[in-house]
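Letter by letter, the chains look like this.
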Amino acid sequence: MRSEDDSWEITESVGATALGVAAMRAAETRRPDALFQDPYAEILVTAVDSPLWQRLGRGDYEESVAANFTQFNDFMVARTLYFDAYFQDAAQAGIRQFVILAAGLDARAYRLEWPTGTTVFELDQPKVLDFKAKALDEYAARLTVDRRTVAVDLRHDWPAALRDNGFDPAAPTAWLIEGLLRYLPADAQDRLLENVIAASAPGSRVALNMSGARSPQAKQADGERAKFMATQGVHVDVNALWYPFEGRNHPVDWFREQGWTVTPADPREVLAGHGRAVAAVPAEEMTRHILMTAIRPGGDSTP
Ligand code: SAM
């Protein structure tokens, strides 16, 4: 159950969801037909002393739940590809300031190619960032960006902490909001998006995703996954951690109303564009998912 100011370790509550997506990136990386490579995902998942997380990171699913996990992974793969391309496009357009809100175990700062002079800010809760720092400490030398972590609660005044760490509100920024919004109450989502807009110089961009209203079948599949994990001593159930979809502002409308140019995307097309066939069940579920990029007109980085 959630509360107004709850916080978490990487293995607990919302923290464990970061492990969940990292495990899926690790599993994809191991596939012979992998659509991206994130070698840091397995390092991070292995750093937790848990046979189940390590097993999920190898994509070694027990037969009774294999289809359930695989279907869930399809969307994670789509969003990883989409946001990787988004960052690369933004860098190509000349943006040098990147902010990952709720970075979790995102290793893009380590694994993507960055132009000289790029800064990547990663914001998340303190204990999540501590875990990541310890697990990736020995790889810091490989970084080709100025990576700065900012420990905050994204329901509160994070822009001040971001500025204190060197964020330049006058420079165009590429923001990433991946796997966050449903973990925020509706009013905290509004505040977060208002803060992003206020800190965005002309030419800035935002990419985000948000789970829509889940079908009864999808909720049941989520519940079955959670039940299986609980039998292995791991407790993570998105249905208990998400705030309702109903009653929220729709991010596509939100950015359009602010005069940004919004381009929604279809996760099924992202996968199809990479030659990955998607089974009917997750494909149907993906139609409910919000995936989009928005660009604030003006500046030199607007296409
Ligand atoms: N974006 C990462 C990814 O896709 O791999 C992590 C996504 S994970 C599903 C959700 C992340 O949101 C966790 O790392 C969690 O700590 C972070 N998060 C959720 N609510 C937050 C809050 N109020 N303040 C800071 N971080 C938060």
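Below, the structure is looked at part by part. (Residues numbered from 1 in each chain as written. Predicted model: local features only at pLDDT ≥ 70, side-chain atom pairs only at ≥ 80, totals over all residues. Heavy atoms only, no water.)

**Brief notes about the packing of aromatic side chains**
Within a pair of aromatic rings, the relevant descriptors are the distance that separates the centres and the angle that separates the planes.
Step number 1: Enumeration according to the criterion identifies 14 aromatic pairs in this entry.
Step number 2: Ring geometry for Phe 98 and Trp 114: centres 4.9 Å apart, planes at 70 degrees, overall edge-to-face. One end of the pair, Phe 98, is in strand β1 (residues 97-101); the other, Trp 114, is in the loop between α5 (108-111) and β2 (119-124), and 16 residues separate them in sequence. Comparing Phe 98 with Trp 114 shows no difference in burial state: the two are buried.
Step number 3: Chaining the aromatic ring pairs together yields one cluster made of Tyr 86, Phe 87, Phe 98 and Trp 114. (Phe/Tyr/Trp six-rings, centres within 6.5 Å; stacked < 30°, edge-to-face > 60°. Helix = DSSP H or I, 4+ residues; strand = E, 2+ residues; numbered from the N terminus. Buried < 20%, exposed > 50% of the residue type's maximum accessible area, 1.4 Å probe, protein only.)

**Considering the site of the ligand**
Step number 1: What surrounds the ligand is a group of 22 residues, the closest being Trp 8, Ala 102, Asp 124, Leu 154 and Glu 178.
Step number 2: Here Asp 153 contributes a side-chain N or O atom positioned 3.0 Å from a nitrogen atom of the ligand.
Step number 3: Contacts to the ligand include Leu 154, whose backbone N or O atom sits 2.8 Å from a nitrogen atom.
Step number 4: In isolation the ligand has 590 Å² of accessible area, and contact with the protein removes 99% of it.
Step number 5: Grouping the constituent residues of the shell around the ligand by class yields 12 nonpolar, four polar and six charged. (Near = heavy atom within 4 Å. Polar contact = N/O pair within 3.5 Å; in protein donor to acceptor, adjacent residues only side chain to side chain. Areas by Shrake-Rupley, 256 points an atom, 1.4 Å probe, with all protein chains shown as cover. Nonpolar A, V, L, I, M, F, W, Y, C, P; charged D, E, K, R; others polar.)

**Some thoughts on the nonpolar core**
Step number 1: Membership of the largest hydrophobic core comes to 62 residues, with the highest contact counts inside it found for Trp 53, Leu 56, Phe 87, Phe 98, Leu 105 and Met 229.
Step number 2: Broken down by element, the residue count for this core peaks at 12 residues, all from helix α4 (residues 63-92).
Step number 3: Judged by nonpolar contacts, the second largest core, of 33 residues, contains Leu 123, Phe 167, Ala 188 and Val 206. (Core = buried A, V, L, I, M, F, W, Y, C linked by side-chain atoms within 4.5 Å.)

**Some remarks on the side chain of Asn 68**
Step number 1: With respect to the helices and strands, Asn 68 occurs in helix α4.
Step number 2: With relative accessibility at 13%, the residue Asn 68 sits in the buried group.
Step number 3: A polar contact of 2.9 Å, which involves the side chain of Asn 68, links it to the backbone oxygen of Ala 221.
Step number 4: At 2.8 Å, the side chain of Asn 68 forms a polar contact with the side chain of Arg 225.
Step number 5: Look past the residues within four positions of Asn 68 in its chain and what remains in contact with it is Ala 221, Glu 224 and Arg 225. (Contact = heavy atoms within 4.5 Å.)

**Points about helix α1 (residues 13-30)**
Step number 1: Helix length check: α1 (18 residues) gives 27 Å between terminal C-alpha atoms against 26 Å at 1.5 Å per residue, within 8%.
Step number 2: With respect to burial, α1 is a largely interior element, 16 of its 18 residues being buried. (Expected span 1.5 Å × (residues − 1).)

Worth remembering: the numbers are spatial, not functional.
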